[in-house]
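Fold and contact review
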Amino acid sequence: MGINIRQKEYRDSCKKLFIAYNKLREKEGYGDPGRLLLFYAAECGLKCLIMKSRDLADYDALLKYASDIGKKEITGHNIKAMLIYQELDKKFILKDISLIKGGKVPPAEFNQVWRYGANVLDEKENDRNEKVLQQIVVYLLQRI
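We now turn to the structure provided with this report.

Cut-offs used in this document
- Residues numbered from 1 in each chain as written.
- Predicted model: local features only at pLDDT ≥ 70, side-chain atom pairs only at ≥ 80, totals over all residues.
- Heavy atoms only, no water.
- Axes fitted to C-alpha atoms, helices over the stretch in contact; angles between N-to-C directions.
- Helix = DSSP H or I, 4+ residues; strand = E, 2+ residues; numbered from the N terminus.
- Parallel < 35°, antiparallel > 145°, perpendicular 65-115°, else oblique.
- Left-handed = near helix turned anticlockwise from the far one by under 90°.
- Contact = heavy atoms within 4.5 Å.
- Nonpolar A, V, L, I, M, F, W, Y, C, P; charged D, E, K, R; others polar.
- Phe/Tyr/Trp six-rings, centres within 6.5 Å; stacked < 30°, edge-to-face > 60°.

1. Concerning the packing of helix α1 (residues 7-25) against helix α6 (residues 123-141)
Packing of α1 against α6 brings their axes to within 11 Å, and their N-to-C directions diverge by 140 degrees. The orientation of α1 with respect to α6, classified from their angle, is oblique. Our pair here, α1 against α6, has a crossing hand that is left-handed. Across the interface between the two elements, C14, K15, F18, Y21 and R25 of α1 pack against E130, Q134, V137, V138 and L141 of α6. Taken together, the residues that form the contact of α1 with α6 break down as six nonpolar, one polar and three charged.

2. A closer look at the environment of G34
Mapped onto the fold, G34 is located in helix α2 (residues 31-53). Leaving out residues up to four positions away in the same chain, G34 has contacts with Y21 and L24.

3. Here we look at the packing of aromatic side chains
Inspection of every chain in the model, using the stated rule, returns six aromatic pairs. Each ring, one from Y65 and one from Y85, has its centre 6.4 Å from the other, and the planes form 70 degrees; the classification is edge-to-face. Of the two residues, Y65 is situated in helix α3 (residues 59-69) and Y85 in helix α4 (residues 79-85); the sequence distance between them amounts to 20 residues. Measuring from ring centre to ring centre gives 5.2 Å for F110 and W114, while their planes differ by 50 degrees; the resulting arrangement is tilted. Placement of the pair is F110 and W114 together in helix α5 (residues 110-116), with a separation of four residues, close to one helical turn. Each member of the aromatic cluster is reached from another via a ring pair, and the members are F39, Y40, F110 and W114.

So this is what it looks like as structure tokens:
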């Protein structure tokens, strides 16, 4: 069970994390730490949008709602599930990231790649997903 965050706090966090990401991005070599901030900005914004569109005041209400409709995955880090739920998955397409050691990481686990600094097979995959996450956050900030 997470802490009970209000819709407004998710909105404020989305904004603050995106500002921090952009400030960090101005520095050379921001890489994974910057992308991690961007990931969490998108996650907070998507949760806020879901809550706003369903008139849910806080995280506890989101948890109950998600449980009632069988969509528990929209309450965690699964950005792709949140995009699908909001019917934004065709507008914003996130793709798996391939690792040097083998395997692919789905969007729900991008935070782990960027938190732990996993070596990716093709840096262009990181760059492409970063651009999509930027677009997502810009879109969300106009709607939350």
